[in-house]
Amino acid sequence: MHALIVFAHPEPKSFNGALKDAAIAALEGAGHTVALSDLYAMEFKAVADGGDFPQRTDAARLDYAGEQTAAHEGNSVAPDIAAEQAKLSAADLVIFQFPLWWYSVPAMLKGWLERVLSAGFAYGAGRLFDQAGLSGTRALLSFTTNGQESSYTEDGWHGPISDTLTPLHQGLRFVGFEPLKPFIAWNVHRCAAEERTAMIAAVTDRMAGIAQETPIPYPPMAAYDRRGLLIDPGD
Ligand SMILES: Cc1cc2nc3c(=O)[nH]c(=O)nc-3n(C[C@H](O)[C@H](O)[C@H](O)COP(=O)(O)O)c2cc1C
């Protein structure tokens, strides 16, 4: 198996950095190959704007997704985006390693999603969800929080973690990714040092067997009608 780790943390010595290093070691130890996109180290451009299109088809008004499609079809995708897309095409599994910031991914990673999972390459022309460009590629959200696990439940002040994750998993699914159960390192600042050691051991264990994991089940596109509604089996 070939994995791509998309790492979004500005500090290599962070706990996220330690989780990323442990994941690489465990994957390689299990005989897998690993590519890394260290977005801050790469100084990845995280803002989706007109500068992404060296050959604009409409200079008067920016239609971002339209220009993405035209660039894909015209083979004029910006080099930094094309390089990430080539890494994606080669990957069987993509691991996103990040700290939970504002109940989401850091802006750096959000920008990567917006620019790299582009119209034309990743979705479009009727290619959505399990029929989209990344279908068959598994994805793992691996992230850290400051909140405790108990605070990310129905009665917790942050609400259920599943609510936080829905837009991220939906975005991944929209372009064909098959999400695995997330890896969550809770409360990493205030927990005991032994708990952080246990989290590193847990990510190591998880990576050793990740090639055998089954993605979270979702209904396939064929289960929906043209309005985007689940087809009632009684109809
Ligand atoms: C801008 C910012 C936003 C944050 N938002 C959240 C949040 O929504 N939920 C949460 O549990 N922690 C939040 N945190 C805390 C981080 O998740 C926490 O510092 C990080 O997971 C720790 O990992 P690290 O030591 O590798 O940085 C936020 C921190 C920052 C700097």
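Our subject is the structure listed above.
The notes below deal with the structure included here.

Scoring rules and cut-offs
Residues numbered from 1 in each chain as written. Predicted model: local features only at pLDDT ≥ 70, side-chain atom pairs only at ≥ 80, totals over all residues. Heavy atoms only, no water. Helix = DSSP H or I, 4+ residues; strand = E, 2+ residues; numbered from the N terminus. Buried < 20%, exposed > 50% of the residue type's maximum accessible area, 1.4 Å probe, protein only. Polar contact = N/O pair within 3.5 Å; in protein donor to acceptor, adjacent residues only side chain to side chain. Contact = heavy atoms within 4.5 Å. Near = heavy atom within 4 Å. Areas by Shrake-Rupley, 256 points an atom, 1.4 Å probe, with all protein chains shown as cover. Nonpolar A, V, L, I, M, F, W, Y, C, P; charged D, E, K, R; others polar. Pairing = 2+ DSSP bridges. Right-handed = clockwise from strand over helix to strand, strands pointing away. Expected span 1.5 Å × (residues − 1). Arc of directions from axis to C-beta. Phe/Tyr/Trp six-rings, centres within 6.5 Å; stacked < 30°, edge-to-face > 60°. Lys NZ or Arg CZ within 6 Å of the ring centre and 35° of its normal.

What to know about the environment of methionine 42
Then step 1. Relative to the assigned elements, methionine 42 resides in the loop between strand E2 (33-38) and helix H2 (64-73).
Then step 2. With relative accessibility at 36%, the residue methionine 42 sits in the partly exposed group.
Then step 3. On a C-alpha basis, the gap between methionine 42 and aspartate 205 in space is 29 Å, while along the polypeptide they are 163 residues apart.

Observations regarding the side chain of glutamate 84
Then step 1. Relative to the helices and strands, glutamate 84 resides in helix H3 (residues 79-90).
Then step 2. Engagement of the side chain of glutamate 84 in a polar contact is seen with the side chain of tryptophan 112, the distance being 2.9 Å.
Then step 3. Filtering out sequence-adjacent residues up to four positions away, glutamate 84 remains in contact with Ser37, Met42, Phe44, Trp112 and Val116.

Some words on the site of the ligand
Then step 1. By nearness alone, 16 residues border the ligand, and His9, Leu100, Tyr103, Thr144 and His189 come closest of all.
Then step 2. A distance of 2.7 Å separates an oxygen atom of the ligand from a polar atom in the backbone of leucine 100.
Then step 3. One of the backbone N or O atoms of tryptophan 102 is found 2.8 Å from a nitrogen atom in the ligand.
Then step 4. Relative to its unbound accessible surface of 640 Å², the ligand loses 75% to contact with the protein.
Then step 5. Of the residues belonging to the shell around the ligand, the class tally is eight nonpolar, eight polar and no charged.

As for the pairing of strand E1 (residues 2-7)
Then step 1. Burial runs high along E1: six of the six residues are buried.
Then step 2. Side-chain alternation along E1 places His2, Leu4 and Val6 on one buried face and Ala3, Ile5 and Phe7 on a second face that is also buried.
Then step 3. Sheet analysis places E1 next to E2, joined by six bridges and oriented parallel. Bridge pairing in E2 places isoleucine 5 opposite leucine 36.
Then step 4. Taken together, E1, helix H1 (residues 15-29) and E2 constitute a β-α-β crossover, and its handedness is right-handed.
Then step 5. Judged from the five bridges that link them, E1 and strand E3 (residues 93-99) form a sheet pairing that is parallel. The partner of valine 6 across the bridge, within E3, is phenylalanine 96.

Some details on H3
Then step 1. The first and last C-alpha atoms of H3 sit 17 Å apart over 12 residues, in line with the 16 Å expected at 1.5 Å per residue.
Then step 2. Those residues of H3 not exposed but buried are Ile81, Glu84, Gln85 and Leu88. In a view along the axis of H3, the buried residues occupy a sector of 100°, so they form one face of it.
Then step 3. Check the buried side of H3 and you find it contacts E1, E2, E3 and helix H4 (107-116).

Quick look at the packing of aromatic side chains
Then step 1. Throughout the structure, instances matching the rule amount to eight aromatic pairs.
Then step 2. Here the aromatic rings of phenylalanine 53 and tyrosine 64 are separated by 5.1 Å at their centres, their planes lie at 65°, and the arrangement is edge-to-face. Residue phenylalanine 53 is found in the loop between E2 and H2, and its partner tyrosine 64 is found in helix H2; the two are separated by 11 residues along the sequence.
Then step 3. With 5.7 Å between their ring centres and 75° between their planes, phenylalanine 96 and tryptophan 112 make a pair best called edge-to-face. Separated by 16 residues along the polypeptide, phenylalanine 96 in strand E3 and tryptophan 112 in helix H4 bring together distant segments of the chain. With respect to burial, phenylalanine 96 and tryptophan 112 carry one shared label: buried.
Then step 4. Taken together, the ring pairs connect Phe96, Trp112 and Phe177 into an aromatic cluster.
Then step 5. Seen from the ring of phenylalanine 7, lysine 20 lies directly overhead, with NZ or CZ sitting 4.8 Å from the centre.
Then step 6. Its end group placed over the ring of tyrosine 218, arginine 173 keeps NZ or CZ at 3.8 Å from the ring centre.

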